[in-house]
Amino acid sequence: MKLIRVEDIAKYTGQQVTAQGWVYSRTDKGKLVFLLLRDGSGFVQCVAFKDDLPAAIFDQLTRLPQESSVIVSGEVREDKRAPGIPGGYEIGIKEIKIIQAAAEDYPMALKEHGVDFSLDNRHLWIRMPSQWAILRIRGTVVSAIREWFEINGFINMDTPILTPAAVEGTTTLFETEYFDEGKAYLSQSGQLYNEANIMAFGKVYCFGPTFRAEKSKTRRHLTEFWMVEPEIAFCDLDGLMEVEEQFVTHIVKRVMRERGPELKSLGRELAKLENIEAPFPRISYDEAAKIIQESYEKETDPEKKELIKFEWGMDFGAPHEALLTSHYDKPLFVFGYPTQVKAFYMEPWPGRPEVCKSVDLLAPEGYGEIIGGSERMSSPDLLLQRIHEHGLPEAAYKWYMDLRRYGSVPHSGFGMGVERTVAWICGIEHIRETIAFPRMIKRMYP
Ligand code: 4AD
Ligand code: MG
């Protein structure tokens with residue numbers, strides 16, 4: 001009999017098949033036992049009828065614990081009522097082999113569990129349909145990212161994780177001893193190396209784990225997350241925004257095409273994602289500041305008012321970003337942030353040195369920043385001045401300064417956080433569920 005993957009089950013209606021996996025749940029109904037089988041690619045209902053199986057086997061099925069591993073064979077039947085992901089099909093069991101009857105004390109039994117308990121049992125929690133669906137979608141997001149770059153002529157350059165200096169500021173560095181060379185820091189961003197890479201390869205991207213010793217204990221922060229960072233030679237801020245909107249549209253479209261059952265199982269409103277199509281609206285930081293100030297004036301609830309308190313020059317907090325995105329049903333570009341809230345390497349706005357050529361992309365529905373990017377500074381003199389202003393060691397950036405001396409060109413790039421993007425696409429509350437084993441200030445286990 002043909003070994004199938006549950007995600008493909010619709011193709012096998014009326015055929016005899018074999019599926020292998022784990023018993024997610026079991027329901028006994030007298031002469032019938034229903035098993036919800038998960039095989040890694042989906043969840044499918046399997047029905048055992050007493051008269052079809054040897055008495056001893058059927059009897060064992062009526063006592064089979066959750067998470068037992070099995071191989072089942074039988075006919076695929078279409079049945080609209082059958083639960084599952086994708087659902088709507090069942091397998092009538094003709095034969096079943098129990099590989100292991102699981103221990104009875106499975107911690108993630110089918111009932112409500114608290115967040116800490118679930119996180120302590122993350123190695124088991126990922127078997128649950130919601131977590132499985134989120135991580136399947138993550139996998140597709142990652143594939144779509146690489147696919148877009150491949151189609152568009154970018155080359156993948158892996159940048160170092162152990163680095164001698166900061167990219168995004170010194171306050172969030174994880175440090176470690178590096179033999180006789182002094183301190184090494186876990187990478188906050190591969191950007192500076194990519195600025196060297198583009199002068200050799202034109203368009204590049206790096207994609208890897210990123211480390212931030214952030215004290216922020218919010219639903220948008222992890223200490224280890226995955227960031228994809230393209231960098232492009234001969235590209236200005238406008239060119240960068242075009243790349244970002246094409247890129248994000250591509251990712252959302254592919255997830256919609258390939259992960260419909262998973263999105264539906266999460267209760268995601270698909271209409272919200274169908275809207276995501278380039279071009280995206282663009283507003284300046286100045287305009288954004290005005291929108292926030294107007295809302296502040298109008299707000300009557302003192303608690304909410306306090307949250308969106310704002311003056312020009314501040315960085316946006318999550319409540320500000322939520323407010324801004326509430327006016328749009330697509331991701332929103334905010335460009336031209338104050339120089340003082342951004343990293344040292346951003347090109348100044350022509351004629352307005354207090355503003356820089358930066359752009360953040362804020363996801364709708366209150367999700368906020370998923371991408372940060374900018375046009376990079378061209379002047380070697382100003383760059384050196386900024387390095388000093390930010391208290392960075394000049395010697396560690398000598399090679400970076402060389403890039404401004406030998407064939408410098410206008411160039412731009414951005415970084416997109418995979419976990420924040422997945423959280424938005426899935427419509428979930430907290431990014432800790434978008435990575436298999438999250439790292440947070442207060443959690444390293446499992
Ligand atoms: O805005 P950030 O700090 O930008 C950079 O690191 C630039 N060097 C990128 C570049 O231009 N090449 O980070 C980029 C993105 C954010 O928009 C966010 O999605 C994600 O990385 N991010 C985090 N995700 C989870 N947890 C954290 N602590 C994050 N910090 C940033
Ligand atoms: Mg940022």
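Residues numbered from 1 in each chain as written. Chains lettered and ligands numbered in written order. Predicted model: local features only at pLDDT ≥ 70, side-chain atom pairs only at ≥ 80, totals over all residues. Heavy atoms only, no water.

Further remarks concern the sheet that holds strand β10 (residues 175-177). The strands making up a sheet are joined through hydrogen bonds of the backbone, oriented either antiparallel or parallel. Strand order in the open sheet formed by three strands is β9-β11-β10, with antiparallel pairing between adjacent strands. Only two strands of the sheet have a single neighbouring strand rather than two, namely β9 (162-163) and β10. Looking at chain direction, β10 and strand β11 (residues 183-186) are connected through three bridges and run antiparallel. By the bridge assignment, Glu177 is partnered in β11 with Lys183. (Pairing = 2+ DSSP bridges. Helix = DSSP H or I, 4+ residues; strand = E, 2+ residues; numbered from the N terminus.)

Once that is clear, we can look at the site of ligand 1. Residues in contact with ligand 1 amount to 24 residues; listed here are only the nearest, Glu168, Gln191, Glu229, Glu369 and Ile370. For ligand 1, an oxygen atom lies 2.6 Å from a polar atom in the side chain of Glu369. In this structure, an oxygen atom belonging to ligand 1 sits 2.9 Å away from a side-chain N or O atom of Arg376. Coverage of ligand 1 by the protein chains reaches 94% of its 630 Å² of free accessible surface. Going through the elements one at a time, β13 (224-233), β19 (368-375) and β20 (411-417) are the ones with two or more residues in the shell around ligand 1. When residues in the shell around ligand 1 are grouped by element, the largest group, five residues, is from β19. Grouping the constituent residues of the shell around ligand 1 by class yields eight nonpolar, eight polar and eight charged. (Near = heavy atom within 4 Å. Polar contact = N/O pair within 3.5 Å; in protein donor to acceptor, adjacent residues only side chain to side chain. Areas by Shrake-Rupley, 256 points an atom, 1.4 Å probe, with all protein chains shown as cover. Nonpolar A, V, L, I, M, F, W, Y, C, P; charged D, E, K, R; others polar.)

Attention now goes to the domain arrangement of the protein. Assigned domains within the protein: domain 1 (2-106) and domain 2 (125-434). Across the contact, 12 residues belong to domain 1 and nine residues belong to domain 2. Taking both partners together, domain 1 and domain 2 bury about 860 Å²; carbon and sulfur atoms supply 60% of that area. Area buried by domain 1 at its contact with domain 2 is led by Tyr24, Phe43 and Ile85, which between them contribute 48% of it. Inspection of the region where domain 1 meets domain 2 yields two salt bridges. (Domains from an automatic or database assignment. Contact = heavy atoms within 4.5 Å. Buried area = accessible area lost by both parts, 1.4 Å probe. Salt bridge = Lys/Arg side-chain N within 4 Å of Asp/Glu carboxyl O.)

Turning our attention to the pattern of salt bridges. As enumerated under the stated definition, the model contains 33 salt bridges in all. Ionic pairing is found between Arg136 and Glu7, a salt bridge with its closest N-O pair at 3.1 Å. Taken together, the residues Arg136 in helix α4 (residues 129-151) and Glu7 in the loop between β1 (2-3) and β2 (16-29) connect sequence positions 129 residues apart.

As a further point, take the packing of aromatic side chains. Applying the stated rule across the entire model yields 24 aromatic pairs. Considering the side-chain rings of Phe207 and Trp226, the 6.1 Å spacing of their centres and the 75° angle between planes classify their relative orientation as edge-to-face. Placement of Phe207 in strand β12 (residues 203-211) and of Trp226 in strand β13 is noted, with a sequence separation of 19 residues between them. Using a relative accessible area of 7% as the deciding quantity, one classes Phe207 as buried. Ring centres 5.6 Å apart and planes at 75° place the aromatic pair Phe344 and Tyr397 in the edge-to-face group. Taken as a pair, Phe344 in the loop between β15 (332-335) and β16 (348-349) and Tyr397 in the loop between α12 (380-389) and α13 (398-402) lie far apart in primary sequence, 53 residues in all. Given the relative accessible area of 2%, Phe344 is considered buried. Judged by relative accessible area, Tyr397 falls into the buried class, the value being 1%. Members of the aromatic cluster, each reached through a chain of ring pairs, are Trp148, Phe149, Phe154, Tyr205, Phe247 and Phe414. In this arrangement the basic side chain of Lys305 is found over the ring face of Tyr296, its NZ or CZ atom lying 4.5 Å from the centre. A cation over a ring is seen here: Arg404 above Tyr400, with NZ or CZ 4.5 Å from the ring centre. (Phe/Tyr/Trp six-rings, centres within 6.5 Å; stacked < 30°, edge-to-face > 60°. Buried < 20%, exposed > 50% of the residue type's maximum accessible area, 1.4 Å probe, protein only. Lys NZ or Arg CZ within 6 Å of the ring centre and 35° of its normal.)

By the element assignment, Cys426 lies in helix α14 (residues 418-426). Exposure remark for Cys426: the relative accessible area of 1% places this residue in the buried category. Between the C-alpha atoms of Cys426 and Lys290, which are 136 residues apart in sequence, the distance is 31 Å. Beyond its immediate stretch of four places on either side in the chain, Cys426 contacts Ile134, Ile137, Leu266 and Arg268.

Here the focus is the side chain of Arg386. Mapped onto the elements, Arg386 comes out in helix α12. What makes Arg386 buried here is its relative accessible area of 10%. Those residues within four positions of Arg386 in sequence are excluded, and the remaining contacts are Thr339, Phe344, Pro353 and Met377.

Residues Leu162, Tyr178 and Phe179 make up a contiguous nonpolar surface patch of about 350 Å² in total accessible area. Among the structural elements, Leu162 can be located in strand β9. Overall, Leu162 belongs to the partly exposed group, its relative accessible area being 44%. (Patch = residues over 30% accessible without salt bridge, like charges linked within 9 Å, V, L, I, M, F, W, Y side chains within 5 Å.)

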